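Summary of structural features
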Protein chains: 2
Amino acid sequence: MTFNGLSAFPITPITQDGIDERAFARLINRLTEAGVDSIGAEGSTGSYAYLSRQERARVAELAVKEAGTTPVLVSIGAIRLRDVLNHAEDAQKAGAQALLLPAMSYFPLRDEEVFSLYAAVSRAVSVPVIIYDAPGTTQFRFSDALVQRIAALPHIASIKVPSAFPTAQEAIARLHRLAEQSPASLTLGVSRDPTAAEGLRHGAKVWYSEWGGLFPKLARRLTDAALAGDHATIESVSATFKPFWEMSNRYGGSLRVIASAAALMGLAQEPCLPEPLQGVSAEDRAVLEELIRTHTPS
Amino acid sequence: MTFNGLSAFPITPITQDGIDERAFARLINRLTEAGVDSIGAEGSTGSYAYLSRQERARVAELAVKEAGTTPVLVSIGAIRLRDVLNHAEDAQKAGAQALLLPAMSYFPLRDEEVFSLYAAVSRAVSVPVIIYDAPGTTQFRFSDALVQRIAALPHIASIKVPSAFPTAQEAIARLHRLAEQSPASLTLGVSRDPTAAEGLRHGAKVWYSEWGGLFPKLARRLTDAALAGDHATIESVSATFKPFWEMSNRYGGSLRVIASAAALMGLAQEPCLPEPLQGVSAEDRAVLEELIRTHTPS
């Protein structure tokens, strides 16, 4: 597959009875209807880290089935290598077109350990692997040198860089360095929605988007505007996203806010997060409700 | 059970074939022979976070069986509440006398979520629960107020505080505040070996010790000296521990170094860590070998 444009990361709605397959299918359908370029099922926003092996295999199957011709990416992250390799096997069997691999850990990993993780996966798989750089959850920071060592392994096809870590400016400088150093086989991508458009204007070819999993039409417009350098549209679409991004920042990440918004839009039951995670406070829920009513994002 | 003195946390040796039960049993036997007050099986040092539900239940059973009359504590930590409750059930069935509960997470948890986690466990269990404060792996910091809310729940019996986090001085000040604020039902304990003796001299009653899982006799002497205020012995035993503690610091934690030392002492195979974790470098292995030969710690 080629990596480009908008890769949307939907939540995996979870109720007391388990995964809400109907709600999940509907979320996937909204993404294909909006014309996203790929779907990141079971990314961080899709709660991959909270699901059992069986649940992860099932969600991957469902995503591929509902996505039709749209390629599906699946995270294979786990604390232990044995589990990572099991998830890789399951995801490939389910028809995932690429695998997201974070340096997930309990004890934060060391460079050699991370390299050995990617090397073991590279030997075991037959589809492209995306380096999933997620320092907020893994506590691991990839050096440029380590990225290049990993990028030289077979099957390593893309990297998902947080677009504002540790600052927006440093992330942009890093993108420029990566563009210069990396082999042509490595497609640069950005995550973290508020500064992703900026990343697309500085060498990234893919936006791995969290809010794009709930508001795919808006994210589609922002992606196209960023890739075309259409500043007026970037500004206006960003203005619609902005209050959602700001609330996400206050909650230390998007998932809790997206889950609450999905429930308010009738796209998931409430609560729909794996416990002990909780949605937003009653006060913020009222703010979200008003935002959704007045902005009608989709 | 009462919480006091030395609680030793052994590694769980893991080979390509799975858990090395014989090596694990031998490690437990060394602890009871040294007269530790309790055994923390499957703590962070026992790699609980890397094991499947079946492996965790099996290790808990083995530990209880080999420990004889020495009480065994078992970590029930998991990213998802559903799994935490399953581990609690398994550990109690295995005969664990207390449960260690960390705020383990993928997305770092918020105060209300952590409280709901402890409340759900408190409702489900019949044995004492230890608040396992491990900011280095969980990214969560307990406020004094949150500790007191949790300490008021049924079954909450102890707290394991890192003795040097964020600094040794602040940890001591925190121990004094906790001693003042906490109900008599909450026994204060310290982890992080290099400053644990200092913690025992400032209100902590238990040392939850990582290196004590490998060198239980030394840790026994340090515990007794600290509780008795015997400064000369504290100094001399600490001097023996010091190079091991310093190497642990360089590796961002004790586990990798303890695992390599255990292999060098013939107490585990090499490698004995869950991949992708690795033992120390060849260079540090030589240093460790010399340290073990000259210091003959046990």
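Scroll up for the structure.
Bear in mind that the values here come from a model prediction, so they are computed numbers and not experimental data.

**Focus: the interface of chain B and chain A**
Listed by partner, the interface residues are 35 residues for chain B and 35 residues for chain A. The junction of chain B with chain A conceals about 3,500 Å² of combined surface from both sides, 54% of it contributed by carbon and sulfur atoms. On the chain B side of the interface with chain A, the three residues burying the most area are Arg 80, Tyr 106 and Phe 107 of chain B, jointly 23% of the side's total. Applying the counting criterion to the chain B and chain A interface returns 6 salt bridges. Here Arg 80 of chain A and Glu 55 of chain B are joined by a salt bridge, their closest N and O atoms 3.3 Å apart. The interface formed by chain B and chain A includes 24 residue pairs in polar contact (both at pLDDT 80 or more). Among the secondary structure elements, those contributing two or more residues to the side of chain B that touches chain A are helix H3 (81-94), helix H4 (111-124), helix H5 (135-138) and helix H11 (255-264) of chain B. A breakdown of the residues in the side of chain B that touches chain A according to their chemical character gives 18 nonpolar, 8 polar and 9 charged.

**What about the packing of helix H2 (residues 53-67) of chain B against H3 of chain B?**
All names here are of chain B. Where H2 meets H3, the closest approach of the two axes is 8 Å, and the angle between their N-to-C directions is 25°. Regarding the angle of H2 to H3, the classification is roughly parallel. The way H2 lies across H3 gives a crossing that is right-handed. Facing H2, whose interface residues are Arg 53, Arg 56, Ala 57, Ala 60, Glu 61 and Val 64, H3 presents Asn 86, His 87, Asp 90 and Ala 94.

**Considering the side chain of Thr 15 of chain B**
Within the element layout of this structure, Thr 15 of chain B appears in strand S2 (residues 14-15). Once residues within four sequence positions are removed from consideration, Thr 15 of chain B is found in contact with Asp 20, Gln 269 and Pro 271 of chain B.

**What about unusual backbone geometry?**
Residue Pro 271 of chain A follows Glu 270 of chain A across a cis peptide bond; omega there is 0°. Looking at where Pro 271 of chain A falls in the secondary structure, it is placed in the loop between helix H11 (255-264) and helix H12 (282-295). Despite not being glycine, Glu 42 of chain A shows a phi value in the positive range, around 55°. Taking relative accessible area as the criterion, Glu 42 of chain A reaches 1% and is therefore assigned buried. Of note in this structure, Gln 139 of chain B is not a glycine but carries a positive phi near 65°. Overall, the relative accessible area of 32% leaves Gln 139 of chain B in the partly exposed class.

**Quick notes on the sheet that holds strand S9 (residues 187-191) of chain A**
Residues and elements named next belong to chain A. One closed barrel accounts for 8 strands, arranged S1-S4-S5-S6-S7-S8-S9-S10; its pairing is parallel. On average, each strand axis in the sheet is tilted by 25° relative to the strand beside it, whichever way the strands run. Packing against the sheet, helix H7 (residues 168-181) makes contact with strand S8 (156-162) and S9, and its axis sits at approximately 165° to S8.

**Quick word on the packing of aromatic side chains**
Summed over the entire model, instances satisfying the criterion amount to 24 aromatic pairs over all chains. Aromatic side chains Phe 241 of chain B and Trp 245 of chain B sit 4.9 Å apart centroid to centroid with 10° between the ring planes, which places their arrangement in the stacked category. In this pair, Phe 241 of chain B and Trp 245 of chain B both sit in helix H10 (residues 231-250), 4 residues apart, roughly one turn of the helix. Each of the two residues, Phe 241 of chain B as well as Trp 245 of chain B, counts as buried. An aromatic cluster is defined as three or more aromatic residues linked by ring pairs; in this entry it consists of Trp 207, Trp 211, Phe 215, Phe 241, Phe 244 and Trp 245 of chain A. In this structure, Lys 160 of chain A packs its charged tip against the face of Phe 9 of chain A, placed 5.6 Å from the ring centre.

**Describing the relation of the copies chain B and chain A**
Superposition of chain B onto chain A requires a rotation of 180° combined with a translation of 0.0 Å along the rotation axis, giving an RMSD of 0.0 Å. The superposition of one copy onto the other is thereby described by a two-fold rotation axis. Looking at the rotation axis and the C-alpha trace of chain B, the residue lying nearest is Gln 139 of chain B, at 4.3 Å. Looking at chain B, 100% of its interface residues are interface residues in chain A too, so the copies touch through the same face.

**Points about the pattern of salt bridges**
Side chains that differ in sign of charge can pair as their charged atoms come close. Residue and element names in this part refer to chain A. With the rule as written, the count across this model stands at 36 salt bridges over all chains. With a closest N to O distance of 3.0 Å, Asp 37 and Arg 220 form a salt bridge. Residue Asp 37 is located in the loop between helix H1 (21-33) and strand S4 (38-41), and its partner Arg 220 is located in helix H9 (residues 216-228); the two are separated by 183 residues in the primary sequence. A relative accessible area of 24% means that Asp 37 is categorised as partly exposed. Between Arg 177 and Asp 144 there is a salt bridge, with its nearest N and O atoms 2.4 Å apart.

Quick notes on the rules
Residues numbered from 1 in each chain as written. Chains lettered and ligands numbered in written order. Predicted model: local features only at pLDDT ≥ 70, side-chain atom pairs only at ≥ 80, totals over all residues. Heavy atoms only, no water. Contact = heavy atoms within 4.5 Å. Buried area = accessible area lost by both parts, 1.4 Å probe. Salt bridge = Lys/Arg side-chain N within 4 Å of Asp/Glu carboxyl O. Polar contact = N/O pair within 3.5 Å; in protein donor to acceptor, adjacent residues only side chain to side chain. Helix = DSSP H or I, 4+ residues; strand = E, 2+ residues; numbered from the N terminus. Nonpolar A, V, L, I, M, F, W, Y, C, P; charged D, E, K, R; others polar. Axes fitted to C-alpha atoms, helices over the stretch in contact; angles between N-to-C directions. Parallel < 35°, antiparallel > 145°, perpendicular 65-115°, else oblique. Left-handed = near helix turned anticlockwise from the far one by under 90°. Buried < 20%, exposed > 50% of the residue type's maximum accessible area, 1.4 Å probe, protein only. Pairing = 2+ DSSP bridges. Phe/Tyr/Trp six-rings, centres within 6.5 Å; stacked < 30°, edge-to-face > 60°. Lys NZ or Arg CZ within 6 Å of the ring centre and 35° of its normal. Least-squares fit on C-alpha atoms with pLDDT ≥ 70 in both.

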